[in-house]
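One-letter residues, chain by chain:
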Amino acid sequence: MSTSRPTTRRLTTAQALVAFLARQYTERDGGTRHRLIAGTWGIFGHGNVAGIGQALLEPGSDDMPYYQGRNEQAMVHAAVGYARQSNRLSAHAVTTSIGPGATNLVTGAALATINHLPVLLLPGDTFATRPADPVLQQLEVPYAGDVSVNDCLRPVCRYFDRITRPEALFPAALAAVRVLADPAQTGAVTLALPQDVQAQAYDWPEEFFAERVWRVRAQGPDRRELHAAVEEFRAARRPLLIAGGGVHHSGAEQALEAFAEATGTPVASTQAGKGSLPYDHPSDVGGIGHTGTATADELARTADLVIGVGTRYSDFTTASATLFQNPDVRFVNLNITGFDAHKMGAQQVVGDARVALQSFTQALDGHRVPDAYVAEYRAAKARWEYRVTAAYAAPDGDARPTQVQVLGVLDSLVTHDDILINAAGSLPGDLHKLWRTRSRTQYHVEYGYSCMGYEIPAAIGVQLAAPGRPVWALVGDGTYLMNPTEIVTAVQERLPIKVVILQNHGYASIGGLSESVGAERFGTEYRFRAPDGSYTGAPLPVDLAANAASLGMRVLRAETVRDLREALAEARRSDRPTCVYVETRTPDTVSGAPAAQAWWDVPVAETATRPSTVKAREEYDRQAAARRRHL
């Protein structure tokens, strides 16, 4: 009797990893399979060119598509944009050399993990066998010989491993994709790859390369937790639901709509949750918190029950713990993790948002909020929509538009197909308050990390995941200057992203905040130095439109409202990367966004000689007195 030995394949560690990743899939609810790692971004250096670089070349582009980046942080942003647009069912990998290439990943990794979005990081690492020590770009750590700059990624990743021998890839690769595909754990994952191990050959068993399908769980709620939540809801007279990013991640939009219609509950949204209901749904009351609507924030102040679905209750959402002022307010949190479900002293319902909402709606068995409450919030919503229309109003003419009027013109042109991307500056606040979201995937504002420079590379990732849809990256001049280089990638890949650059000569958001805390806009404007040493001279003669054109974009300049309307419409029709450049004017009381409807805690100096700071501290103490802990 003879026995056959398992077949093996002799490959380098890098080749084996690429072949393994090409055969990993996800599936949710028995639907379509999705390639887990649909492509790899890379910038090559001595730490990965002969390993991962060669491996990506070896099997051919059909096995693992490759995208050429210009900045390592930007490559992670592009991968995150792709993952979010793909409902976390498909993601990208990012490979870099050792040294600066690896450390440039840290910001993007933090952004991915904070937003619960999967990205696989494959940085090169120093030699495992240490034939020469140190090697080029190696950080020597006097107290530990096994530490490299890649260890900077540990605190910002959901999983980290260093592959110091080929056979160590077996458990590490499986663990990495398990975390990437787990809706409760996903985020950035790092497999650090010493450059010698990448090129080392090994006899890999064929079963390592078998197709694997990672089924994305949709965990139902515990029966007792659900019963307690139902009892809380039945006792409430003024409930408010807060939709967070978990609604989108679990595909719970229809379940949320069914809940709202069955119970009459108003639905507010965080930045990540906006679009969970379309803006014109009767139960949608807009954004909540510091950048929220007057409607949502007033409902939050008087709510006797707050139902958080897929939210982590950031300080913007809670107005730094000053928003929920009803002395009898209680909380019910539906969340996929107990870590977030327990916040605000809530009654926890741990489970998938979609399944939990469906179970919640069924268990309520037709129970509805009072009709008078429905009439109240719908009337308030109508009043807010009137304010939005007034802020957006920008009659055609020769006037320079305000930032809000730019949004208003864009609002008049888009359909449910368009996708808007933003992350930092004053735009997130204006968008959260004012933007009329038409589809579940239209509103893409990254506000977990609020990272300047996210928008343009994220637009590339989104366009790769949503070919044929108009994708808009809205950026201020400060954000543009942080990270414009991936425009070259969009041009190279012929991706027709639309970049709207709003030139306001400085950090407009922080300038406004600086003024409110008594810091008098110090260091926030882009100006020449004045004779007294301050940055109060003439605006800098920076031409960002010319810069974008030099990187290969088609550029349309808009000086007036009329120009803007024509330029945005032309950009939307364009089949190549196109930039609309507009210099905005300072808003006034008519054309500006409504002021913040809730507070945000930014501590003001307790002692100061400048009257502006003394006055700001008095206001700070008044607002801070309203803080309360929900225990």
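Preceding this paragraph is the structure being described.
The text that follows walks through the structure, step by step, so that each part is easy to find. The written sequence of each chain sets the order in which its residues are numbered from 1. Reporting of local features is limited, given that this is a predicted model, to residues whose pLDDT is at least 70; pairs of side-chain atoms are given and counted only at 80 or more, and all residues count toward the totals for whole chains, interfaces and linings. Side-chain figures throughout are based on the complete set of non-hydrogen atoms in the structure, without hydrogens or water.

1. Here we look at the overall build of the protein
Link 1 in the chain: Counting secondary structure elements, the protein contains 24 helices and 23 strands.
Link 2 in the chain: The size measure is the radius of gyration over C-alpha atoms, and the globule rule it meets is 2.2 Å times the number of residues to the 0.38 power. For the protein, whose C-alpha radius of gyration is 26 Å, the value lies close to the compact-globule estimate of 25 Å for 631 residues.
Link 3 in the chain: With the C-alpha coordinates aligned to their principal axes, the bounding extent of the protein is approximately 80 × 70 × 55 Å.
Link 4 in the chain: For each residue, the accessible area found with a 1.4 Å probe, counting protein chains only, is set against the maximum for its type, and the residue is called buried under 20%, exposed over 50%, and partly exposed in between. Counting all 631 residues of the protein, 57% fall into the buried class.
Link 5 in the chain: Contacts: residue pairs with any heavy atoms within 4.5 Å of one another. For the protein, the proportion of contacts with a sequence separation of at least 24, taken over those separated by at least 6, is 77%.
Link 6 in the chain: Accessible surface area values rest on a Shrake-Rupley calculation with a 1.4 Å probe, where residue burial reflects the displayed protein chains alone. A total accessible area of about 25,900 Å² is found for the protein, and carbon and sulfur atoms account for 51% of it.
Link 7 in the chain: In this tally, Asp and Glu contribute negative charge and Lys and Arg positive charge; neither His nor the terminal groups of the chain are included. The atom standing in for a charge is NZ when the residue is Lys, CZ when it is Arg, CG when it is Asp and CD when it is Glu. Side-chain charges in the protein split into 61 positive and 67 negative, and the spacing between the mean points of these groups amounts to 2 Å. We count a stretch as a helix when DSSP gives it H or I for four or more residues in a row; a strand needs E for two or more, and each element gets its number in order from the N terminus.

2. A few points about the sheet that holds strand β15 (residues 305-309)
Link 1 in the chain: A pair of strands counts as paired when DSSP detects no fewer than two bridges linking them. Overall, parallel pairing links the six strands, which are arranged β14-β13-β12-β15-β16-β17 in an open sheet. Each having just a single partner strand, β14 (284-287) and β17 (347-350) make up the two edges of the open sheet. For this sheet, the mean angle separating the axes of adjacent strands, direction not counted, is 20°.
Link 2 in the chain: By the bridge criterion, five bridges tie strand β12 (residues 239-243) to β15 in an arrangement that is parallel. The axes are straight lines fitted to the C-alpha atoms, using for helices just the contacting stretch, and the angles between their N-to-C directions are given from 0 to 180°.

3. What about the sheet that holds strand β2 (residues 24-27)?
Link 1 in the chain: In space, the three strands of this open sheet follow the order β3-β2-β11, with mixed pairing throughout. Both outer strands of the open sheet, β3 (34-35) and β11 (212-215), are each paired with one neighbouring strand and no more.
Link 2 in the chain: Bridge count for β2 against β11 is four bridges, and the pairing is parallel. Bridge pairing in β11 places glutamine 24 opposite arginine 212.
Link 3 in the chain: Relative to the sheet, helix α6 (residues 169-181) contacts β2 and β11, its axis offset from that of β11 by approximately 40°.

4. Concerning the packing of helix α3 (residues 72-85) against helix α5 (residues 106-114)
Each pair of packed helices gets described by two things: the angle between the helix axes and the distance between those axes.
Link 1 in the chain: Contact geometry for α3 and α5: axes closest at 7 Å, N-to-C directions at 20°. Judged by the angle between their axes, α3 and α5 are roughly parallel. The two elements α3 and α5 cross, and the hand of that crossing is right-handed. Of the residues in α5, those touching α3 at Gln73, Val76, His77 and Val80 are Thr107, Gly108, Ala109, Leu111 and Ala112.
Link 2 in the chain: By residue class, the composition of the contact of α3 with α5 is five nonpolar, four polar and no charged. Oblique is the label for any angle not under 35 degrees, not over 145, and not in the 65 to 115 range, which are roughly parallel, roughly antiparallel and roughly perpendicular in turn. With the far helix as reference, a near helix turned anticlockwise by less than a right angle produces a left-handed crossing, and one turned clockwise produces a right-handed crossing. By the convention adopted, Pro, Cys, Tyr, Trp, Phe, Met, Ile, Leu, Val and Ala count as nonpolar, Lys, Arg, Asp and Glu as charged, and the other residues, Gly among them, as polar.

5. Observations concerning a nonpolar patch on the surface
Link 1 in the chain: Patch definition: residues with relative accessible area over 30% and no salt bridge; like charges joined within 9 Å; nonpolar side chains (Val, Leu, Ile, Met, Phe, Trp, Tyr) joined within 5 Å. Salt bridges are defined by distance alone: a side-chain nitrogen of Lys or Arg within 4 Å of a carboxyl oxygen of Asp or Glu. Residues Leu481, Phe528, Leu540 and Val542 make up a contiguous nonpolar surface patch of roughly 320 Å² in combined accessible area.
Link 2 in the chain: Positionally, valine 542 belongs in the loop between α21 (508-516) and α22 (544-550).
Link 3 in the chain: Judged by relative accessible area, valine 542 falls into the partly exposed class, the value being 39%.

6. Thoughts on helix α24 (residues 611-624)
Spacing of three or four residues puts side chains on the same side of an α-helix, whose turn is 3.6 residues.
Link 1 in the chain: The span one expects for a helix is its residue count, reduced by one, times 1.5 Å. For α24, built from 14 residues, the straight-helix expectation of 20 Å at 1.5 Å per residue is met to within 8% by its first-to-last C-alpha distance of 20 Å.
Link 2 in the chain: Every buried residue of α24 is accounted for by Thr613, Ala616, Arg617, Tyr620 and Ala624. When α24 is viewed along its axis, its buried side chains cluster within an angular range of 105° and face the same direction. Away from its buried face, by an angle of more than 90 degrees, α24 presents the exposed residues Pro611, Lys615, Glu618 and Arg622.
Link 3 in the chain: Buried residues along α24 sit in contact with α21. In this context, the arc is that of the directions from the helix axis out to the C-beta atoms.

7. A short note on unusual backbone geometry
Link 1 in the chain: For the peptide bond that leads from aspartate 133 to proline 134, omega is 10°, which places it in the cis range.
Link 2 in the chain: Counting through the fold element by element, proline 134 comes out in the loop between β7 (119-125) and β8 (159-162).
Link 3 in the chain: Positive phi is not limited to glycine here, since asparagine 87 has a value of about 60°.
Link 4 in the chain: Within the secondary structure layout, asparagine 87 lies in the loop between α3 and β6 (91-96).
Link 5 in the chain: Exposure remark for asparagine 87: the relative accessible area of 24% places this residue in the partly exposed category.
Link 6 in the chain: A positive phi angle, near 65°, is found at methionine 344, a position not held by glycine.
Link 7 in the chain: As for its position among the elements, methionine 344 is in the loop between α13 (338-341) and β17.
Link 8 in the chain: On the accessibility criterion, methionine 344 (16% relative accessible area) is buried.

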